[in-house]
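Secondary and tertiary structure notes
Chain residues, written in single-letter form:
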Amino acid sequence: MNPLALRSLLFVPATRPDRIAKALASPADAVIVDLEDAVADGDKAAAREALAAFLADNPQASLVVRVNAPESPHHALDLALCACHAAVTHLLVPKAEAVPALEQAAACGKPLWLQIETATGLLALPGLAGMAGVERLSFGALDLITELGLTPETPGARQMLDQGRYQLVVHSRAASLAAPFESPHPAIDDTDAVARAAAHAKEMGFAGMLCIHPRQLPAINQAFSPSEADVAWAKQVIDGANHQTGAFSVEGQMVDAPVISRAQGILAQHEAGHHGGQPPP
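A brief look at the structure comes next. The structure presented is a predicted model; accordingly, all values stated were derived computationally and were not measured.

Now for the pairing of strand E3 (residues 63–66). Residues Leu-63 and Val-65 line one face of E3 and the alternating positions Val-64 and Arg-66 line the opposite face, and both faces are buried. Note that strand E2 (residues 30–34) and E3 share three bridges and pair parallel. When the bridges of E3 are listed, Val-33 appears paired with Val-65. Regarding the hand of the β-α-β motif, the stretch spanning E2, helix H2 (residues 44–57) and E3 is right-handed. Pairing geometry for E3 and strand E4 (residues 88–93), over four bridges, is parallel. Residue pairing in the sheet places Arg-66 in a bridge with Leu-92 of E4. After leaving E3, the chain enters helix H3 (residues 75–83) and then returns to the sheet as E4, a path that is right-handed.

So, on to the side chain of Arg-48. Inspection of the secondary structure puts Arg-48 in helix H2. For Arg-48, the contacting residues outside a window of four places in its chain are Leu-35, His-74, Leu-77, Asp-78 and Leu-81.

Take the side chain of Ser-26 next. When you line up the elements, Ser-26 lands in the loop between helix H1 (17–24) and E2. Polar contacts involving the side chain of Ser-26 include one to the main-chain carbonyl oxygen of Ala-23, which spans 2.6 Å. Setting aside chain neighbours within four positions, we find Ser-26 in contact with Leu-10 and Leu-217.

A few words now on unusual backbone geometry. Phi at Lys-95 is positive, roughly 50°, even though this residue is not glycine. For Lys-95, the location among the structural elements is in the loop between E4 and helix H4 (99–106). On the basis of relative accessible area, Lys-95 is assigned to the buried category, the value being 18%. One non-glycine residue, Glu-153, lies in the positive phi region at around 60°.

The next point concerns the environment of Val-194. Along the chain, Val-194 falls in helix H9 (residues 191–203). On the accessibility criterion, Val-194 (0% relative accessible area) is buried. C-alpha of Val-194 to C-alpha of Leu-35: the two residues are 159 residues apart in sequence and 24 Å apart in space.

Next up on the list: the packing of helix H7 (residues 141–148) against helix H8 (residues 155–174). Close contact between H7 and H8 brings their axes to 11 Å; oriented N to C, the two are set at 125°. On the basis of the axis angle, H7 is oblique to H8. At the point where H7 passes H8, the crossing takes the right-handed sense. Residues Ala-141, Leu-144, Ile-145 and Leu-148 of H7 lie in contact with H8, whose contacting residues are Met-160, Leu-161 and Arg-165. Of the residues in the contact of H7 with H8, the class split is six nonpolar, no polar and one charged.

Parameters at a glance
- Residues numbered from 1 in each chain as written.
- Predicted model: local features only at pLDDT ≥ 70, side-chain atom pairs only at ≥ 80, totals over all residues.
- Heavy atoms only, no water.
- Buried < 20%, exposed > 50% of the residue type's maximum accessible area, 1.4 Å probe, protein only.
- Helix = DSSP H or I, 4+ residues; strand = E, 2+ residues; numbered from the N terminus.
- Pairing = 2+ DSSP bridges.
- Right-handed = clockwise from strand over helix to strand, strands pointing away.
- Contact = heavy atoms within 4.5 Å.
- Polar contact = N/O pair within 3.5 Å; in protein donor to acceptor, adjacent residues only side chain to side chain.
- Axes fitted to C-alpha atoms, helices over the stretch in contact; angles between N-to-C directions.
- Parallel < 35°, antiparallel > 145°, perpendicular 65-115°, else oblique.
- Left-handed = near helix turned anticlockwise from the far one by under 90°.
- Nonpolar A, V, L, I, M, F, W, Y, C, P; charged D, E, K, R; others polar.

Below, the structure is given as structure tokens:
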């Protein structure tokens, strides 16, 4: 799984294994099978059984699984299932708040993506980001809104949430992690709202976005992909770097080492986007 190719990450309830194959064949860069919020408490065991059956029938698949939170009685059972299947490549752990509570998940030997969706999780970011086994951070805006008593879709709430986003980006970089994932957007039919949210997250340094419906995928993939203009500019920069020494200019702007590094990143992401995504099951 190429980290540069992860723009869109599509949730599928574990109770609907028929949708997993469809999700794997969709434009989503990764598929997250959900054992947590999308599954009612009384259906947790049935969800694990359904996922186990899918994994047994599709060992070549490549899936991320969102397990239940560390304090949940279902957490250990979820981990035991995931540890048995190579098709589960990563674990998404919700309500990440403390390193000791995550040690059991880390012991599975699969890279961890941590969802930061509480005040306690934000305060614990230095330790969480630096924990062995953690590969990525993900923002959980919807849970955080509720916990902090924010009023959704207001300027104050947006400002508060952006403070949280800032912390995820900074702590990811400080711990040498890949850039984080943005929280899912609740709008299914309002693709313009999804596109705006994705563009905002991209501007803040996020690499991709979780999503809850296939209709959200085109807007998200476009937002997190370099534009044609960006790619053309990056090629000019790299071509100039290959033929000149020291600082030079492209389109009237000075180019030095940091600018060359940015251009290399744009081209690497562009290349990954052309070869990323999920193979069919």
